[in-house]
Amino acid sequence: MADVNRGNRPLSPFMIGQYYRPQMTSISSIMVRITGIASLGMAVLLVLWLLCAATSPDAFAVIDGLLTSFVGDILLLLGSWAIWFHMLGRLRHVIWDLGYRVDIEFGELMGTVMFIGATVMAIFTAIVV
């Protein structure tokens, strides 16, 4: 049977020549998912460090050498940024789940605050720890 309403359906933005422009809310939502996976990777690295510390001094020297090197410093800084960003993203969702501030303007503001806040807190963590 033929679809008689084919011409009356709304078209996707890609079909009418416009491209999707990511909003701050979509970018921050995707980043919360990415930082959740990165946090899992950092947890695996921490468990590996503890296992190497429990098994042998040679294994611990290898993983500790990696974590105390420049590459390790960058990894730990990015890992702390990921943990802070993910925590702020989950806090944003708690606020939304309680029914508060579900308007678009607040979502855009919170996305910006999440990026800035995670950066400030990661730098603070790096300085203090």
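Residues numbered from 1 in each chain as written. Predicted model: local features only at pLDDT ≥ 70, side-chain atom pairs only at ≥ 80, totals over all residues. Heavy atoms only, no water.

With respect to the overall build of the protein
Where we set the bar: The way it works is that DSSP assigns letters per residue, a run of H or I at least four long becomes a helix, a run of E at least two long becomes a strand, and they are numbered from the N terminus. Per-residue accessibility, obtained with a 1.4 Å probe over protein chains only, is compared with the maximum for each type, and a residue is labelled buried under 20%, exposed over 50%, and partly exposed between these values. Note on contacts: a residue pair is in contact if any heavy atoms of the two residues lie within 4.5 Å. Only the protein chains shown count as cover for residues, and all accessible areas are computed by the Shrake-Rupley method using a 1.4 Å probe.
Across its full length, the protein carries four helices and zero strands. When the helices and strands of the protein are listed from N to C terminus, the series reads α-α-α-α. Looking at the protein as a whole, 22% of its 129 residues are labelled buried. Sequence separation of at least 24 residues holds for 70% of the intrachain contacts in the protein that already meet a minimum separation of 6. Accessible area of the protein: about 9,400 Å², with a carbon and sulfur share of 73%.

Overview of a nonpolar patch on the surface
Note the threshold: Candidate patch residues must exceed 30% relative accessible area and have no salt bridge, after which like charges are joined if within 9 Å and Val, Leu, Ile, Met, Phe, Trp or Tyr side chains if within 5 Å. The salt bridge criterion pairs a side-chain nitrogen of Lys or Arg with a carboxyl oxygen of Asp or Glu, the two atoms within 4 Å.
Side chains of L66, F70, V71, I74, L75 and L78 sit close together on the surface and give an oily, nonpolar patch of about 560 Å² of accessible area. The element contributing the most residues to the nonpolar patch is helix α3 (residues 70-97), with five residues. Since its relative accessible area comes to 35%, L66 is described here as partly exposed.

Observations regarding unusual backbone geometry
We note that R101 has phi near 50 degrees; this positive angle belongs to a residue other than glycine. Considering the arrangement of structural elements, one finds R101 in the loop between α3 and α4 (104-128). A relative accessible area of 47% places R101 in the partly exposed class.

Regarding α4
Every α-helix carries 3.6 residues per turn, so stepping three or four residues along brings you back to the same face. As a reminder of what qualifies: The span one expects for a helix is its residue count, reduced by one, times 1.5 Å.
With 25 residues, α4 ought to run about 36 Å at 1.5 Å a step, and its terminal C-alpha atoms sit 35 Å apart, in line with that. Regarding α4, the residues found buried are F106, G107, M110, G111, M114, G117, A118 and A122. Each element contacted by the buried residues of α4 is listed here: α1 (24-55) and α3.

What to know about the environment of D73
Here D73 is to be found in helix α3. It is 8.8 Å that separates the C-alpha atoms of D73 and A126, two residues lying 53 residues apart in sequence. With residues near it in sequence (within four places) discarded, D73 still touches L67 and T68.

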